[in-house]
Amino acid sequence: MAQKENKTNAIRLFDSAKIEYTVHRYENNGESVDGAHVAQSLEIDPSRVYKTLVTRGSDKNFYVFDIPVLAELDLKKAARAAGVKSVEMIHVSEINRVTGYVRGGCSPVGMKKQFKTFFDISAKDIDTMLVSAGRIGWQIEAAPSDIAKLCSASFVELTH
């Protein structure tokens, strides 16, 4: 376990909810890396490692989608899940302002504000999934249902 001052918002929320988790760390130079690299660095099947994508809907609200790192978000399916006409990825320069996290360290848990969040349905088929723990180089592993509870996420089909 990390020392208290080293915990991210995401990790603190897991602790306060008394949810069992494991933090995994991988070496990096503070720069964002793609999810395939994260899975390879941790020697974990990439189908269990999920990336957090933040979008803006046609209604101007933000929506969060977590999908397997090797998959692509289907924007039509994402919009349907969010109940809006369309969604588009937010610009990288907006990530910190909107979420409180940096690119490559964006967790669905512990954002500045709780946005409507959706996990790809594939997460229901695995015992544990990994998402960013809120810092580049840190991943948090827990049961998909537990992570979903923390960010009020729904499970829907989101990929091609």
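Placed above this text is the structure.
Once a new chain begins, its residue numbering starts again from 1 and follows that chain's sequence as written. Selection of residues for local features in this predicted model requires a pLDDT of at least 70, selection of side-chain atom pairs for listing and counting requires 80 or more, and totals for whole chains, interfaces and linings are taken over all residues. Calculated side-chain values reflect all of the structure's heavy atoms, with hydrogen atoms and water omitted.

Trainee: Tell me about the layout of surface pockets, and name the residues and values.
Mentor: Lining residues are those with an atom within 4 Å of a point, where the points come from a 1 Å grid over the protein atoms alone and group into cavities, where a 1.4 Å probe fits but cannot get out, or pockets, open sets with protein on both sides within 12 Å along at least five of seven lines. Grid points are joined across faces, edges and corners, and a volume is the space filled by probe spheres set on the points. Looking at the largest pocket, its volume works out to about 500 Å³. Those elements that place two or more of their residues in the lining of the largest pocket are helix H2 (35–42) and strand E2 (50–57). Every helix listed is a DSSP run of H or I at least four residues long, and every strand listed is a run of E at least two residues long, numbered separately from the N terminus. Sorting elements by how many residues they give to the lining of the largest pocket places E2 first, with five residues. Residues are grouped as follows: nonpolar covers Ala, Val, Leu, Ile, Met, Phe, Trp, Tyr, Cys and Pro; charged covers Asp, Glu, Lys and Arg; every other residue, Gly included, is treated as polar. A breakdown of the residues in the lining of the largest pocket according to their chemical character gives 13 nonpolar, seven polar and three charged.

Trainee: Now, about the sheet that holds strand E3 (residues 62–68): what can you tell me, with residues and values included?
Mentor: Pairing between strands is defined by DSSP: at least two bridges between the two strands are required. Ordered by their spatial adjacency, five strands build an open sheet running E4-E2-E3-E5-E8, and the pairing between neighbours is mixed. Looking at the sheet topology across the chains shown, the edges are occupied by strand E4 (87–89) and strand E8 (154–156). Adjacent strand axes in the sheet meet at a mean angle of 35° when their direction is disregarded. As defined by bridge partners, E3 adjoins strand E5 (residues 116–120) across four bridges and the pair is classed as parallel. Considered in E5, the bridge of Val 64 is made with Thr 117. Axis definition: a line fit to C-alpha positions, over the contact stretch in the case of helices; interaxial angles, taken between N-to-C directions, run 0 to 180 degrees.

Trainee: Tell me about unusual backbone geometry, and name the residues and values.
Mentor: A positive phi angle, close to 55°, is found at Glu 43, a residue other than glycine. Counting through the fold element by element, Glu 43 comes out in the loop between H2 and E2. Judged by relative accessible area, Glu 43 falls into the exposed class, the value being 75%. The backbone of Ser 152 sits at a positive phi, close to 50°, despite the residue not being glycine. By the secondary structure assignment, Ser 152 is in the loop between helix H5 (144–150) and E8. Remark: exposure states derive from per-residue accessible area (1.4 Å probe, protein chains only) relative to the maximum for the residue type, with buried under 20%, exposed over 50%, and partly exposed in between. Relative accessible area serves as the criterion here: at 59%, Ser 152 is assigned to the exposed category.

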